[in-house]
Structures are given as C-alpha cells and as structure tokens.
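Chain by chain, the residues:
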Amino acid sequence: MTREEFEELVAEALDRIPPELTRLMDNVAVFVEDEPPAADPGLLGLYEGTPLTDRGEWYAGVLPDRITIYRGPTLRMCDSREDVVAETEVTVVHEVAHHFGIDDERLHALGYG
C-alpha cells in the first residue's frame, strides 16, 4: 500500500469519528510517518501533548498536540487491505481518545487496545 493510500485511510478513519466529538478536538494535528522511533519498532500510533482533561488556565500559546500514525508496522502486521483498514481505524480512535484523556486501560476494555 502506498503512502498516499495509507494517508487516505487515516483521513477516512478520522471522518468516521462522530462530528460531536471532532468539534471538541482542540489544538491537535494528525500526521502519518513511515516508521516509529527505533526504540519502539512495533508502535502503530503515538499521542504527544496535553489531553483536554488536563488543560487548565495555564494552557495558552502552546504548540498543537501531535497524533502520529505509523504506516510500516501497521502494514507488516496485517495480512490484507481489510486488515489494514480495520487496524488503522482502531489506531486512529485510540490516539484520538488519548487527546480526550482516555487511558490505555480503558481503551483496552473498550476494544481499542
């Protein structure tokens, strides 16, 4: 799968998030990278920033939070295009949920582990 095709899958996964949630997303940017940091080669996605639940009066003038979805590990773990579509959607929802302050334990319980 080309990078452009994978980026489109990420965009489609973002489009499937209900509008009432995407309207609440604030100061966050989503990126696609080919590979994760060498220290964590199996990482599918990463949220870096301050979750909405942790922001207070001090939160102003900061750089956007960053969600990165990694193409390489996703393609290597999936056997078909359908698997890539499903895994990409789970990864996107997982990382967006971190933006809303939902931790890994709760995400695993909800099936987005």
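Per an unreviewed UniProt entry, the chain goes by the name Metallopeptidase family protein and belongs to Streptomyces gilvosporeus.

Caption draft 1: A look at the overall build of the chain. Secondary structure summary: the chain contains five helices and three strands in total. In sequence order, the secondary structure elements of the chain are arranged as α-α-β-β-β-α-α-α. For the chain, the C-alpha radius of gyration of 14 Å lies close to 13 Å, the compact-globule estimate for 113 residues. Along the first, second and third principal axes, the C-alpha set of the chain runs to 45 × 30 × 25 Å. Expressed as a percentage of the 113 residues in the chain, the buried residues total 33%. When contacts within the chain are restricted to residue pairs at least 6 apart in sequence, those whose partners lie at least 24 apart make up 72%. Accessible surface, the chain: about 6,700 Å² in total, of which carbon and sulfur atoms supply 52%. Of the side chains in the chain, 9 bear a positive and 25 a negative charge, and the two mean positions are spaced by 3 Å.

Caption draft 2: Quick peek at the packing of aromatic side chains. Enumeration according to the criterion identifies one aromatic pair in this entry. Seen from the ring of F31, R66 lies directly overhead, with NZ or CZ sitting 3.9 Å from the centre.

Caption draft 3: Broad picture of unusual backbone geometry. Not every positive phi belongs to a glycine, and N27 is a case in point at roughly 60 degrees. Of note, N27 is situated in the loop between α2 (19–22) and β1 (28–33). Under the relative-accessibility criterion, N27 is labelled partly exposed at 26%.

Caption draft 4: Local environment of the layout of surface pockets. Approximately 160 Å³ is the volume attributed to the largest pocket. Taken together, I17, P18, L21, V93, V96, A97, F100, I102, L107, L110 and Y112 form the lining of the largest pocket. No other element matches helix α4 (residues 81–99), which puts three residues into the lining of the largest pocket. Classifying every residue of the lining of the largest pocket by side-chain character gives 11 nonpolar, no polar and no charged.

What counts, and at which threshold
Residues numbered from 1 in each chain as written. Predicted model: local features only at pLDDT ≥ 70, side-chain atom pairs only at ≥ 80, totals over all residues. Heavy atoms only, no water. Helix = DSSP H or I, 4+ residues; strand = E, 2+ residues; numbered from the N terminus. Rg over C-alpha atoms; globule rule 2.2 N^0.38 Å. Buried < 20%, exposed > 50% of the residue type's maximum accessible area, 1.4 Å probe, protein only. Contact = heavy atoms within 4.5 Å. Areas by Shrake-Rupley, 256 points an atom, 1.4 Å probe, with all protein chains shown as cover. Lys, Arg positive; Asp, Glu negative; His and termini not counted. Charge placed at Lys NZ, Arg CZ, Asp CG, Glu CD. Phe/Tyr/Trp six-rings, centres within 6.5 Å; stacked < 30°, edge-to-face > 60°. Lys NZ or Arg CZ within 6 Å of the ring centre and 35° of its normal. 1 Å grid on protein atoms, 1.4 Å probe; cavity = no way out; pocket = protein on both sides within 12 Å on 5 of 7 lines; lining within 4 Å. Points joined across faces, edges and corners; volume = space filled by probe spheres on them. Nonpolar A, V, L, I, M, F, W, Y, C, P; charged D, E, K, R; others polar.

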